[in-house]
Structures are given as C-alpha cells and as structure tokens.
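Structural overview
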Amino acid sequence: REAEIKHSRVAMLAAAGCIAQDLFTFPGASTVYDKSVKMTALHDAAVKAGSMGQMLFWLGFVEAVSTAATIQMLLGSGRKPGYFGFDPLG
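Residues numbered from 1 in each chain as written. Predicted model: local features only at pLDDT ≥ 70, side-chain atom pairs only at ≥ 80, totals over all residues. Heavy atoms only, no water.

Notes on the overall build of the protein chain
The test is simple: Numbering of helices and strands starts at the N terminus; helices are DSSP runs of H or I of at least 4 residues and strands are runs of E of at least 2. Whether a residue is buried, partly exposed or exposed follows from its accessible area with a 1.4 Å probe, protein chains only, as a fraction of its type maximum: under 20%, in between, or over 50%, in that order. When checking whether two residues touch, look at their non-hydrogen atoms; a contact exists if any pair is within 4.5 Å. With residues, only the protein chains shown are counted as cover, and all accessible areas are computed by Shrake-Rupley using a 1.4 Å probe.
Helices and strands together make up the secondary structure of the protein chain, namely four helices and zero strands. Listing the helices and strands of the protein chain from first to last along the sequence gives α-α-α-α. Burial status across the protein chain gives 14% buried among its 90 residues. Of the contacts formed within the protein chain by residues at least 6 apart in sequence, a portion of 37% connects residues at least 24 apart. Surface accessibility of the protein chain: about 7400 Å² in total, with carbon and sulfur atoms responsible for 68%.

Side note on helix α1 (residues 2-23)
The α-helix winds at 3.6 residues per turn, so residues separated by three or four positions along the chain end up facing the same way. Note the following rule: The span one expects for a helix is its residue count, reduced by one, times 1.5 Å. Comment: arc refers to directions from the helix axis out to C-beta atoms.
In this model, α1 (22 residues) spans 32 Å end to end at C-alpha, consistent with the 32 Å of a helix rising 1.5 Å per residue. Residues of α1 that are buried include every one of E2, I5 and A20, and no others. Mapping the buried residues of α1 onto a view down its axis gives an arc of 80°, with all of them on the same face. Of the exposed residues in α1, those oriented more than 90 degrees away from the buried face are E4, H7 and I19.

Section: the layout of surface pockets
Condition: A 1.4 Å probe that fits but cannot get out identifies a cavity on a 1 Å grid over protein atoms alone, an open set with protein on both sides within 12 Å along at least five of seven lines counts as a pocket, and a residue lines either if it has an atom within 4 Å of a point. Grid points are joined across faces, edges and corners, and a volume is the space filled by probe spheres set on the points. Lys, Arg, Asp and Glu make up the charged group, whereas Ala, Val, Leu, Ile, Met, Phe, Trp, Tyr, Cys and Pro make up the nonpolar group; the residues left over, Gly among them, are polar.
Empty space within the largest pocket amounts to approximately 560 Å³. Along the walls of the largest pocket sit 15 residues, with K6, V10, L59, V62 and E63 positioned nearest its centre. Of all elements in the fold, only α1 and α4 (51-74) reach the threshold of two or more residues within the lining of the largest pocket. Top element by residues in the lining of the largest pocket is α4. It accounts for seven residues. A breakdown of the residues in the lining of the largest pocket according to their chemical character gives eight nonpolar, three polar and four charged.

Dropping the structure here:
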C-alpha cells in the first residue's frame, strides 16, 4: 500500500510538471536551458547541462528520509501508509 500511494503521488507530480513546463516559462530557466526546449527534449538538455546528478542526489535524499517512516510503520507504530505527518495546506 505504501508503494502504491508513493508511486501515484509521483505520477501526479510528473503529469503536472509535464503540463507546466510546456505552458509556462519559469524565471531563470532560460539561463540554463534554451527557451525552445520543451518536454520532449528537456531530458537530453538536462543530461547535457549536468542537472540529472543533482536530481538523483535530492530524490535519493527524500527516499532515504521516507524509509525511516516506512520502517516505523512495519514495526507496528500505528502509522497509516502514506501518512508522513506533513500537510502544508493544514
């Protein structure tokens, strides 16, 4: 259950990101990537610019931090799957 919830959240963020990068130009993005780079060519541009290593580091960090919560749940802490105690909207 934990993996299903995590994967669905990542998929929703990825879909929103694909739409957002084609519709909007974010401040500072044109200094790193060419303005004509859209979803289909962004991966290659990110690899060429060296951004993928930083993404790997930060996503690995988030995964390592969330592993502690998963282990607590498996040991019987009573935590529900997918609940990390973080709700930015209250």
